[in-house]
Amino acid sequence: FLARELRNASLRRRHRVPDDVTGVLVTRASSHSALGVRVDDVVLSIDGKKVGDDGSVELRESELVSYEFLLTGKQRGEPTSVLVLRGGERVQLCAPLSQLPRRLPRNHGFDCFPHYVIIGGLVFVRLCCPMLEDKRSKG
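Reading the values: rules and limits
Residues numbered from 1 in each chain as written. Predicted model: local features only at pLDDT ≥ 70, side-chain atom pairs only at ≥ 80, totals over all residues. Heavy atoms only, no water. Helix = DSSP H or I, 4+ residues; strand = E, 2+ residues; numbered from the N terminus. Buried < 20%, exposed > 50% of the residue type's maximum accessible area, 1.4 Å probe, protein only. Polar contact = N/O pair within 3.5 Å; in protein donor to acceptor, adjacent residues only side chain to side chain. Contact = heavy atoms within 4.5 Å. Core = buried A, V, L, I, M, F, W, Y, C linked by side-chain atoms within 4.5 Å. Patch = residues over 30% accessible without salt bridge, like charges linked within 9 Å, V, L, I, M, F, W, Y side chains within 5 Å. Areas by Shrake-Rupley, 256 points an atom, 1.4 Å probe, with all protein chains shown as cover. Salt bridge = Lys/Arg side-chain N within 4 Å of Asp/Glu carboxyl O.

1. What about the side chain of Arg-12?
With respect to the helices and strands, the residue Arg-12 is situated in helix H1 (residues 9-14). Classification of Arg-12 as buried rests on a relative accessible area of 8%. In terms of polar contacts, Arg-12 uses its side chain to reach the backbone carbonyl oxygen of Pro-18, at 2.8 Å. Residues within four places of Arg-12 in sequence aside, it is in contact with Leu-6, Arg-7, Val-17, Pro-18, Asp-19, Val-21 and Asp-53.

Have a look at this one:
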């Protein structure tokens, strides 16, 4: 899920967030996620660690990191617990993390599965046999 800061007083009122509660507002959520986080949920804590209005969580004493670190630092299948505020009610969500379906296919249909990285709109891939053969055939 993607979330935004929850510092705006009118936004907090709209989502019925009490003044003494901190968290982030979910703006996008995957329908493929087993966790069940929905758009307009307010994430209050992840694995018992309180989420601040700016999206920070305390990793160690006096060391703050983004809430995303708690999710991306887990292994696939590791159980995750998220406390959300949904419609003014607290809801505890628990599920193992799993990999979401990729938006782009990884297999181009030849003899290898290239890994790629996109930087500034450019796609960088490993050089492989089908690419060399294609370049040779086109001259």
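We are not done yet, so read on.
2. Remarks on the environment of Asp-40
Along the polypeptide, Asp-40 turns up in the loop between strand S2 (24-28) and strand S3 (42-46). Filtering out sequence-adjacent residues up to four positions away, Asp-40 remains in contact with Arg-14, His-15, Leu-25, Val-26 and Leu-85.

3. Observations concerning the nonpolar core
Core analysis: the biggest nonpolar cluster contains 16 residues, and Leu-35, Val-43, Ile-46, Val-51, Val-57, Tyr-67 and Val-82 have the highest contact counts within it. Contributing elements (two or more residues each) for this core: S2, S3, helix H2 (67-72), strand S7 (79-86) and strand S8 (89-96). For this core, the element with the most residues is H2, which contributes three residues. With residues near it in sequence (within four places) discarded, Ile-46 still touches Val-51, Tyr-67, Leu-70, Leu-71, Thr-80, Ser-81 and Val-82. Counting residues in hydrophobic clusters, the runner-up holds nine residues, among them Leu-11, Val-42, Leu-44 and Leu-85.

4. So, a nonpolar patch on the surface
A contiguous nonpolar surface patch, about 380 Å² in accessible area, is contributed by Val-117, Ile-119, Leu-122 and Phe-124. Taken together, the elements giving at least two residues each to the nonpolar patch come down to strand S9 (116-119) and strand S10 (122-125). Judged by relative accessible area, which is 44%, Phe-124 ranks as partly exposed.

5. A look at the pattern of salt bridges
Evaluation of the coordinates by the stated rule reveals seven salt bridges. Here Lys-74 makes a salt bridge to Asp-47, at a shortest N to O gap of 2.7 Å. With Lys-74 in the loop between H2 and S7 and Asp-47 in the loop between S3 and strand S4 (49-50), the pair connects residues that are 27 residues apart, well separated along the chain. One salt bridge connects Glu-63 with Arg-60, and the closest N-O pair in it is separated by 3.0 Å. Accessibility expressed as a relative area gives 31% for Glu-63, which makes it partly exposed. Residue Arg-60 is classed as exposed on the basis of its relative accessible area of 51%. What you see here is one network of salt bridges that share partners, running through Glu-5, Arg-7 and Asp-54.

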